[in-house]
Amino acid sequence: MPEYEFVDVYVPRGVSRNEATRLLTDHAEYGHWELHRLSLMRDGSRRVRLRRRIIRQVRATW
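Read on for an overview of the structure. Just so we're clear, the structure is a prediction, and the values are computed from it rather than from any experiment.

Topic: the sheet that holds strand 1 (residues 3–11)
Sheet strands associate in pairs through backbone hydrogen bonding, adopting either a parallel or an antiparallel arrangement. Strands sit in the order 1-3-2 across an open sheet of three strands; the sheet is antiparallel. Each edge of the open sheet is held by one strand with a lone partner, namely strand 1 and strand 2 (34–40). Here the strands of the sheet are splayed against their neighbours by 20° on average, with no regard to which way each runs. Of the strand pairs in this sheet, strand 1 and strand 3 (residues 46–54) are connected by nine bridges, and their pairing is antiparallel. Looking across to strand 3, one finds that Val7 is bridged to Leu50. The sheet contacts of helix 1 (residues 17–31) involve strand 1 and strand 3, and relative to strand 3 the element is tilted by about 15°.

Here it is in structure tokens:
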């Protein structure tokens, strides 16, 4: 089963949809994050949880 690490990103309510999309796209392209969960709050802010897979290296034995 793969292991993931998570990061929470808070997007305030004054941020437009286009700016939020650009922010999340930058995280995806440069940090290799993918969208795990997005919550839209009553005040219009967004709470986004991103995840990326943890790749463990296996130690080679000689």
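What follows continues from the structure just given.
Examining a nonpolar patch on the surface
On the surface, a cluster of nonpolar side chains totalling about 320 Å² of accessible area is made up of Leu35, Leu38 and Leu40. Residue placement: Leu35 occurs in strand 2. The class for Leu35 is exposed, based on a relative accessible area of 52%.

Some details on the side chain of Arg46
Relative to the helices and strands, Arg46 resides in strand 3. Reaching out from Arg46, the side chain makes a polar contact with the backbone oxygen of Val15 at a distance of 3.5 Å. In contact with Arg46, not counting residues within four places along its chain, are Val9, Tyr10, Val11, Pro12, Val15, Ser16, Arg17, Ala20, Ser39 and Leu40.

Parameters at a glance
Residues numbered from 1 in each chain as written. Predicted model: local features only at pLDDT ≥ 70, side-chain atom pairs only at ≥ 80, totals over all residues. Heavy atoms only, no water. Pairing = 2+ DSSP bridges. Helix = DSSP H or I, 4+ residues; strand = E, 2+ residues; numbered from the N terminus. Axes fitted to C-alpha atoms, helices over the stretch in contact; angles between N-to-C directions. Contact = heavy atoms within 4.5 Å. Patch = residues over 30% accessible without salt bridge, like charges linked within 9 Å, V, L, I, M, F, W, Y side chains within 5 Å. Areas by Shrake-Rupley, 256 points an atom, 1.4 Å probe, with all protein chains shown as cover. Salt bridge = Lys/Arg side-chain N within 4 Å of Asp/Glu carboxyl O. Buried < 20%, exposed > 50% of the residue type's maximum accessible area, 1.4 Å probe, protein only. Polar contact = N/O pair within 3.5 Å; in protein donor to acceptor, adjacent residues only side chain to side chain.

Read these as spatial facts, not as claims about activity.
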